[in-house]
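# Per-entry structural report
Residues per chain are reported as follows:
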Amino acid sequence: TGCQFEPNGFANGTINVRGTCTSPTRGTMQMTMTGTYTATTMTAQVNQQMQALPNTQGPQSIRLAGQLNARRAGDCPPAGAAPGGNAVAGNSAG
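What counts and what doesn't
Residues numbered from 1 in each chain as written. Predicted model: local features only at pLDDT ≥ 70, side-chain atom pairs only at ≥ 80, totals over all residues. Heavy atoms only, no water. Disulfide = S-S within 2.5 Å. Helix = DSSP H or I, 4+ residues; strand = E, 2+ residues; numbered from the N terminus. Salt bridge = Lys/Arg side-chain N within 4 Å of Asp/Glu carboxyl O. Buried < 20%, exposed > 50% of the residue type's maximum accessible area, 1.4 Å probe, protein only.

Now for the state of the cysteines. Tallied over the entire structure, the rule returns one disulfide. Each sulfur in the disulfide pair cysteine 3 and cysteine 21 lies 2.0 Å from the other. Handedness of the cysteine 3-cysteine 21 disulfide follows from its S-S torsion of about 110°: it is right-handed. Taken together, the residues cysteine 3 in strand S1 (residues 2-5) and cysteine 21 in strand S3 (residues 14-23) connect sequence positions 18 residues apart.

Another aspect to go through is the pattern of salt bridges. Here the structure, examined in full by the defined rule, presents one salt bridge. The salt bridge involving aspartate 75 is made with arginine 72; its shortest N-O contact spans 2.5 Å. Using a relative accessible area of 45% as the deciding quantity, one classes arginine 72 as partly exposed.

Here is the structure:
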């Protein structure tokens, strides 16, 4: 039960993530994410394949695939600050 990831990750401008999640009541999911990144950009292919347990009602398998393109938009606001730099009163998230 749970997820296992191969030794991989983000290193030297390359993205290589592979993992498998297994649930005794839901089935399995395999995912990959491969691509490249810089200090200001990221591009990756993301793929998932999910397989339901035998005799499960509904679809037995599903595949998802997508392209991720991202660019750095700026610094994150300080903790507790609302977008635009205004402090959030009474924020008790945590």
